[in-house]
Amino acid sequence: MSRKSVFFGTLMVSGLMAVAAQAQPASSYTITKTVPIGVPDRWDYVVFDPVGNRVYASHGNRVSVVDGGSGASIGTISLGEGAVSHGIVALDGLGKGYADDGKAGVAVVFDLKTLKVLRTVTAEPDADGIVYDHKSGHVLVITGDSGKVVVIDPKTDKVLGEIDGGGPLEFGVSDEKGKFYVDGEDKNEIVRMDLATNKADAHWPLTGCKTPHGLAIDRAHMRLFASCGSKVMDVMNAETGQVIASLPIGQGTDFDAFYPAKSLAFSSNRDGTLSVIAERSQDKFEALAPIKSKFGARTMALDEKTGRIYLISSDVTENNAVPATDRNHFKVVPGSAEILFLDPK
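A quick note: this is a predicted structure, and the numbers were derived from the prediction, not measured.

Student: Help me understand the overall build of the protein chain, please; the structure alone is not making it clear to me.
Tutor: Within the protein chain, the secondary structure is distributed over 1 helix and 30 strands. Radius of gyration (C-alpha) of the protein chain: 21 Å, near the 20 Å computed for a compact globule of 345 residues. Taken along the three principal axes of its C-alpha coordinates, the protein chain extends 80 × 45 × 40 Å. Contacts spanning at least 24 positions in sequence make up 44% of the contacts within the protein chain whose residues lie at least 6 apart. Accessible surface for the protein chain amounts to roughly 15,100 Å². Of this, 52% is attributable to carbon and sulfur atoms. Separation between the mean location of the 36 positive side-chain charges and that of the 43 negative ones in the protein chain comes to 5 Å.

Spelled out as structure tokens, the structure:
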């Protein structure tokens with residue numbers, strides 16, 4: 001082989017190695033534990049409480065609670081016949097938490113020790129995600145179809161007001177400096193809300209994203225990560241509203257999370273993948289190879305200390321009478337819902 005051939009061969013090998021390196025996730029994950037939670041089969045958010053080391057999984061008219069380390073069952077929060085649970089947040093300092101019933105449009109206050117319902121707080125129809133803002137000390141209930149964020153004082157369980165998002169909303173994140181950011185689902189935008197005045201003060205369009213569902217934040221660099229139904233994650237400057245990057249993700253995302261220790265954003269997808277976006281710098285982002293999870297695992301929670309990821313899914317059967325592109329092509333096996341523990345290798 002000539003010296004020239006060797007030179008170009010070396011370049012080719014180096015290039016292939018570089019491509020291969022870029023295709024590998026920064027951290028490889030594997031499913032280490034599955035925790036059955038049974039019926040009801042309809043599920044939504046899974047939430048990790050790092051203080052109590054608990055995992056809360058909403059499904060149907062209840063919330064299953066398990067130990068975040070062992071997976072042992074702690075108990076169940078029963079929201080009542082006909083309820084439809086979505087969001088959860090635990091306030092360990094107050095000894096209580098909040099779930100919601102989207103059908104009744106209420107926030108459900110429960111005791112962290114007994115898991116018994118203490119009271120309900122009237123919110124809005126389609127109450128969905130719930131976030132606690134540490135700076136204001138308020139609980140924020142995001143209502144989907146109503147397009148409002150209901151502000152609750154957890155010390156009194158009184159509604160302090162509502163923030164109009166101007167259209168249907170999905171999930172939201174706080175910068176813990178006084179601003180709250182929410183996915184504007186129908187208008188493909190991020191709505192910024194001022195928690196001092198309880199008013200929306202900016203509507204920023206997403207450019208590569210259609211139908212945003214998940215939203216995460218890198219508070220150190222003030223970057224937002226919106227995961228979208230169009231199989232795209234938009235990265236936005238949280239101070240200016242500028243979209244910095246649009247990157248490919250899997251099909252059917254409903255949540256995402258940012259892992260500060262590894263500078264990684266994850267998107268959980270219905271297609272059985274966990275998309276991984278690496279933050280190389282505050283203005284440079286890269287899509288890495290996806291991690292295999294389980295079909296249907298569209299929501300997630302992240303333990304930022306250990307890197308463990310929690311997902312909720314079930315077994316499914318195929319209904320070949322319905323096109324593969326239809327979400328009803330797959331049917332949940334009754335009673336097979338479970339929480340998945342994914343750990344970095």
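From this point, the narrative continues.
Student: Which parts of the structure should I look at to understand the state of the cysteines?
Tutor: Under the defined criterion, the tally for this structure stands at 1 disulfide. One disulfide in the model links Cys209 with Cys228; its S-S distance is 1.8 Å. The S-S bond linking Cys209 to Cys228 shows a torsion near -100°; that makes this disulfide left-handed. Here Cys228 lies in strand 19 (residues 223-228) and Cys209 lies in the loop between strand 17 (199-205) and strand 18 (212-218), a separation of 19 residues in the sequence. This pair shows no difference in class: Cys209 is buried, exactly as Cys228 is.

Student: Explain the pairing of strand 7 (residues 96-101) here, please?
Tutor: The side chains of a regular strand alternate, residue by residue, between the two faces of the sheet. Burial analysis of strand 7 places 6 of its 6 residues in the buried class, the great majority of the element. Here strand 7 shows two buried faces, one formed by Lys96, Tyr98 and Asp100 and the other by Gly97, Ala99 and Asp101. As defined by bridge partners, strand 6 (residues 85-91) adjoins strand 7 across 5 bridges and the pair is classed as antiparallel. Note on strand 7: the bridge partner recorded for Leu91 is Lys96.

Student: Looking at this model, I keep getting lost on the sheet that holds strand 22 (residues 253-259). Mind explaining?
Tutor: In a beta sheet, neighbouring strands pair by backbone hydrogen bonds and run either parallel or antiparallel. Across the sheet, which stays open at both edges, the 4 strands sit in the order 22-23-24-25 with antiparallel pairing between neighbours. Each of the sheet's edge strands pairs with one partner strand only, and the pair in question is strand 22 and strand 25 (284-292). Pairs of neighbouring strands in the sheet enclose a mean axial angle of 20°, with direction left out of account. Here strand 23 (residues 264-269) pairs with strand 24 (residues 273-281) via 5 bridges, running antiparallel. What sits directly across from Ser267, in strand 24, is Ser275.

Student: Would you mind showing me how to read the side chain of Glu338 here?
Tutor: As for its placement among the helices and strands, Glu338 is situated in strand 30 (residues 338-344). For Glu338, a relative accessible area of 12% corresponds to the buried category.

Student: Can you help me understand the pattern of salt bridges in this one?
Tutor: Working definition: two side chains of opposite charge can pair if their charged atoms are close together. Under the definition given, this model contains 13 salt bridges. Put simply, Asp44 and Arg298 hold a salt bridge, and the shortest N to O gap is 3.5 Å. Taken together, the positions of Asp44 in strand 2 (residues 43-49) and Arg298 in the loop between strand 25 and strand 26 (300-302) put the pair 254 residues apart, joining distant regions of the chain. Put simply, Glu286 and Arg280 hold a salt bridge, and the shortest N to O gap is 2.8 Å. Salt bridges linked by common partners bring Lys179, Arg192, Asp194 and Asp201 together as one network.

Student: Would you explain the pairing of strand 16 (residues 189-194) in this entry?
Tutor: Counting buried positions over the 6 residues of strand 16 gives 6, a clear majority of the element. Relative to strand 16, strand 15 (residues 179-184) is paired through 6 bridges, and the arrangement is antiparallel. Across the sheet, the residue bridging to Tyr181 is Arg192, located in strand 16. Counted along the chain from strand 15 to the antiparallel partner strand 16, the turn is 4 residues long, and its residue Asn188 has a positive phi close to 50°. Note: strand 16 against strand 17, 6 bridges, orientation antiparallel. Considered in strand 17, the bridge of Val191 is made with His203. Taking the residues that link successive antiparallel strands as the turn, the strand 16-strand 17 hairpin has 4 residues, and the phi of Asn198 there is positive, at about 55°.

Conventions and cut-offs
- Residues numbered from 1 in each chain as written.
- Predicted model: local features only at pLDDT ≥ 70, side-chain atom pairs only at ≥ 80, totals over all residues.
- Heavy atoms only, no water.
- Helix = DSSP H or I, 4+ residues; strand = E, 2+ residues; numbered from the N terminus.
- Rg over C-alpha atoms; globule rule 2.2 N^0.38 Å.
- Contact = heavy atoms within 4.5 Å.
- Areas by Shrake-Rupley, 256 points an atom, 1.4 Å probe, with all protein chains shown as cover.
- Lys, Arg positive; Asp, Glu negative; His and termini not counted.
- Charge placed at Lys NZ, Arg CZ, Asp CG, Glu CD.
- Disulfide = S-S within 2.5 Å.
- Buried < 20%, exposed > 50% of the residue type's maximum accessible area, 1.4 Å probe, protein only.
- Pairing = 2+ DSSP bridges.
- Axes fitted to C-alpha atoms, helices over the stretch in contact; angles between N-to-C directions.
- Salt bridge = Lys/Arg side-chain N within 4 Å of Asp/Glu carboxyl O.

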